[in-house]
2 protein chains.
Amino acid sequence: MPRDGRIVRGRLEQAALDLFAEHGFDGTTTEQIAARAGVTERTYFRHFPDKREVLFASEEELREVTVAAIESIPAGVEPLEALHQAFHDVVPLLVRNRQLAALRAPIIMAAPALREREHAKTAALIDLVQEALVKRNIDERSALLCARVGMGVFSTAIRRWATGSATDLHDEVDGAFADLATMAASLDERRPA
Amino acid sequence: MPRDGRIVRGRLEQAALDLFAEHGFDGTTTEQIAARAGVTERTYFRHFPDKREVLFASEEELREVTVAAIESIPAGVEPLEALHQAFHDVVPLLVRNRQLAALRAPIIMAAPALREREHAKTAALIDLVQEALVKRNIDERSALLCARVGMGVFSTAIRRWATGSATDLHDEVDGAFADLATMAASLDERRPA
DNA sequence: GTCTATATCGCGATAGAC
DNA sequence: GTCTATCGCGATATAGAC
């Protein structure tokens, strides 16, 4: 069996994807995943801290690319607009991973435990986005608001793109930000009783 | 021991709060929680589906109050402004629970498993808010965006209120929505290259 | 209520890769 | 030979089945 960790890791990911798709998350044991990848259960846990994480290895790249995209936006751009522009730079990665995402989505949807992990990943990404904004000299409070709102808009665009018919993700991003602008513009100024 | 399920439930919640605070989430077993509440471990699992859920029983009320608040806003109000106004109606509940929230927060922060559960609860609430907006005849796509953005703003206000010095939560809500309006107003119209 | 499956992790031994 | 990935065994606690 291969001694190269990266190969074993990839085989574990593929094995988990197959088994989860076939028997569901709860219907699959870590032992089965390890066996299909040709290693022992103990080895599985040296690569992934728990049973869920094997499905989220690809998120790593998303985080790196997103942070890098924000950092590449010129300093003068207003924070929310900076996110808007940065998200366009993330689009190619998502387009490239669309096939894999389509395989993962139904698996994750079907298992509450996996949905929890996904939400945690999203929250972690929001934190990273906030940090990236703070580095742009946005104060921490505004950065948090901006990161949450911006990521909310982005996720909505992604969802529309992934579930809808063949649209362009760039267009969905612009559309979602335009929707936000419209919604926010109609906010009342007066404090309600 | 009391036969009344609600009493046992409350004692389990209190026991868990105490033990988690003292030994941390990972350092506490469900057996210990049950023992301190004067019941068997089996009884614990009849009240709560897993070890984490005992800390989130109070979220139930938040969901009900939030949905009711949205439903009570007049039909003509624009969706995001409707959320803004509805959130003010949720404030009293949060103020009343502030003490408990202050005890729970550090426990949840310290345990990744609990943070995951909290994010899942937030996501579930966003779904409920979206549903409530759909009932106001907002189309599903806009409702999702509005729910995500609105809840993002609201959580930010709550965070500012909970972590900052003695401010009024109403003011934080208004402030966060005002910040959103400012940010969104500066969004560029043109599509970036 | 009891019993059991299985996720998770510690430890020492082993065996490819360089 | 030195690493480091993997193995083999064992222990514990959650969670669900009977």
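Reading guide: rules and limits
Residues numbered from 1 in each chain as written. Chains lettered and ligands numbered in written order. Predicted model: local features only at pLDDT ≥ 70, side-chain atom pairs only at ≥ 80, totals over all residues. Heavy atoms only, no water. Contact = heavy atoms within 4.5 Å. Buried area = accessible area lost by both parts, 1.4 Å probe. Salt bridge = Lys/Arg side-chain N within 4 Å of Asp/Glu carboxyl O. Polar contact = N/O pair within 3.5 Å; in protein donor to acceptor, adjacent residues only side chain to side chain. Helix = DSSP H or I, 4+ residues; strand = E, 2+ residues; numbered from the N terminus. Nonpolar A, V, L, I, M, F, W, Y, C, P; charged D, E, K, R; others polar. Least-squares fit on C-alpha atoms with pLDDT ≥ 70 in both. Buried < 20%, exposed > 50% of the residue type's maximum accessible area, 1.4 Å probe, protein only. Near = heavy atom within 4 Å. Domains from an automatic or database assignment.

### Remarks on the interface of chain B and chain A
Listed as interface residues are 40 residues of chain B and, on the opposing side, 40 residues of chain A. The contact between chain B and chain A buries some 3,900 Å² in all, and 62% of this surface belongs to carbon and sulfur atoms. Here chain B is connected to chain A by 6 salt bridges. In this structure, the salt-bridge partner of B:Arg117 is A:Glu116, at a minimum N-O distance of 2.6 Å. Between the two partners, chain B and chain A, sit 8 residue pairs in polar contact (both at pLDDT 80 or more). Elements that contribute at least two residues to the side of chain B that touches chain A include exactly α5 (79-96), α7 (112-134), α8 (140-163) and α9 (169-185) of chain B. Among the elements that line the side of chain B that touches chain A, the one with the most residues is α8(B), at 13 residues. For the side of chain B that touches chain A, a count of residues per class yields 16 nonpolar, 9 polar and 15 charged.

### Topic: the relation of the copies chain B and chain A
Overlaying chain B on chain A yields an RMSD of 0.1 Å, the required transformation being a rotation through 180° with an accompanying axial translation of 0.0 Å. Here the two chains are linked by the operation of a two-fold rotation axis. When C-alpha positions in chain B are compared against the rotation axis, the closest is assigned to B:Val149, at 2.5 Å. Both copies present the same face, since 100% of the interface residues in chain B are matched by interface residues at the equivalent positions in chain A.

### As for the environment of B:Glu60
Secondary-structure assignment places B:Glu60 in helix α4 (residues 59-71). The spacing of B:Glu60 and B:Lys121 is 61 residues in sequence and 9.6 Å in space, taken between C-alpha atoms.

### Observations concerning the pattern of salt bridges
Within this structure, the stated rule accounts for 25 salt bridges over all chains. The salt bridge involving A:Glu172 is made with B:Arg141; its shortest N-O contact spans 3.7 Å. Remark: B:Arg141 occurs in helix α8 and A:Glu172 occurs in helix α9 (residues 169-185); the pair is interchain, linking two chains. Classification of A:Glu172 as buried rests on a relative accessible area of 9%. On the accessibility criterion, B:Arg141 (41% relative accessible area) is partly exposed. Put simply, A:Asp50, A:Arg52, A:Glu53, A:Arg117, A:Lys121 and B:Glu116 are held in one network by salt bridges that share partners.

### Examining the protein's contact with DNA strand C
Taken together, 11 residues form the shell around DNA strand C, and within it A:Thr30, A:Glu41, A:Arg42, A:Pro49 and A:Lys51 come nearest. Within 4 Å of the protein, the contacting atoms of DNA strand C are 47% sugar and phosphate, with bases supplying the remainder. A:Arg42 is positioned such that a nitrogen or oxygen atom in its side chain is 2.6 Å from a base oxygen of DNA strand C. With respect to DNA strand C, the side chain of B:Arg42 contributes an N or O atom lying 3.3 Å from a base nitrogen. For the surface near DNA strand C, the element with the most residues is helix α3 (residues 41-47) of chain A, which contributes 3 residues. Here the residues of the surface near DNA strand C are counted per class, giving 2 nonpolar, 3 polar and 6 charged.

### Section: the domain arrangement of chain A
Residues and elements named next belong to chain A. Taken domain by domain, chain A consists of domain 1 (5-54) and domain 2 (58-190). A separation of 29 Å is found between the C-alpha centroids of domain 1 and domain 2. At the junction of the two partners, domain 1 supplies 7 residues and domain 2 supplies 9 residues. In total, domain 1 and domain 2 occlude about 780 Å² of area from one another, counting both sides; carbon and sulfur atoms represent 65% of this. Its largest share of buried area at the contact with domain 2, domain 1 owes to Leu-17, Phe-25 and Arg-52, together 65% of the area lost on that side. The tally of links from domain 1 across to domain 2 stands at 3 salt bridges. Counting every contact that joins domain 1 to domain 2 gives 3 residue pairs in polar contact (both at pLDDT 80 or more).

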